[in-house]
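Summary of structural features
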Amino acid sequence: MIGFRSTVTAEIMSTPPLRLDGKVVLITGSTSGLGRGMASGLGALGARVAMSYAHDAERAERAFAAYREAGGEGILVRGSVIEEEAVDRVVGEVERALGAVDVLVLNATPPQPLAALERADWSDYQAMLDYFIKSPYLLARRVLPAMKARRAGRIINIGTELLARGVRHTSAYATAKAAQHGWTRAMALELAPHGITVNTVSPGWIPVERHASTPPEVLKSYRDGIPMGRLGTPDDVCSAVAYLASDAAGFVTGQHILVDGGRATG
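Residues numbered from 1 in each chain as written. Predicted model: local features only at pLDDT ≥ 70, side-chain atom pairs only at ≥ 80, totals over all residues. Heavy atoms only, no water.

Structural notes on the environment of Met 147
Within the secondary structure, Met 147 sits in helix H5 (residues 122-150). For Met 147, a relative accessible area of 0% corresponds to the buried category. Along the backbone, Met 147 and Ala 100 are 47 residues apart, and their C-alpha atoms lie at a distance of 7.9 Å. Here Met 147 is in contact with Val 101, Asp 102, Val 103, Leu 104, Ala 152, Gly 153, Arg 154, Ile 155 and Ile 196, once residues within four sequence places are set aside. (Helix = DSSP H or I, 4+ residues; strand = E, 2+ residues; numbered from the N terminus. Buried < 20%, exposed > 50% of the residue type's maximum accessible area, 1.4 Å probe, protein only. Contact = heavy atoms within 4.5 Å.)

Spelled out as structure tokens, the structure:
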């Protein structure tokens, strides 16, 4: 009989597995919506969060002020995530203020208009590819040298339940998101030998402030299709991201975690 000896030490077992104390986390598009919720949640777990944004400085300042008032540690950085010079500057600011990035959360997204194929322009596809392929490429390439030097790092893509469910008139968005997860899987294999994990967290529709005007009947219709019987919240998404960012997920890579209450499998 082959014996088994646990390599988990008492020290590790005594540490709360989802604490992120001291981890430097860069979250793109994190001054509103799901990104803001993730920044708040990861900051509460001890991470030092760089909240990144490209537009609406007033909203960003309000979000960061609220984050700091709640006890969060970090900085606010502004810059496009689809322009190489801006990405280099933003990451440089984070490194100077907080240290090398331990966790990269790729959350920034452009507007997502619905359009039948006949009405969609290639520019619609290009905008999605810029945010979901070019941006991860630029940001990951910029933070990888430090991660490789430490032989540790986390890259987390924020995907969509559309990877598991088709939705009409979303061809540009769905195509780019599928490509994004293909990138996740390829990078997971490439970076695993360096101690770096790469995963995708895919939320269902999580109503946030930009959905404030959604008619109640639309909310009810969507909620009725969720086996768990409720709408998701930013905290639900943050919990999955926190797990993947933590030491507890050091052996999890190349995975796609749906956060949709079972809707995609219902």
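Some details on the sheet that holds strand E3 (residues 73-78)
Pairing is parallel across the open sheet formed by 7 strands, whose spatial order is E3-E2-E1-E4-E5-E6-E7. The two strands at the open ends of the sheet, each matched to only one other strand, are E3 and strand E7 (256-259). Sheet twist, expressed as the mean angle between neighbouring strand axes with direction ignored, is 20°. Here strand E6 (residues 196-203) pairs with E7 via 4 bridges, running parallel. Looking at the pairing, Ser 202 lines up with Leu 258 of E7. On the sheet, helix H4 (residues 84-97) packs against strand E1 (24-27), strand E2 (48-53) and E3 and is oriented at approximately 155° with respect to E3. This element, helix H6 (residues 171-191), spans strand E4 (103-106), strand E5 (153-158), E6 and E7 of the sheet and lies at about 155° to E6. (Pairing = 2+ DSSP bridges. Axes fitted to C-alpha atoms, helices over the stretch in contact; angles between N-to-C directions.)

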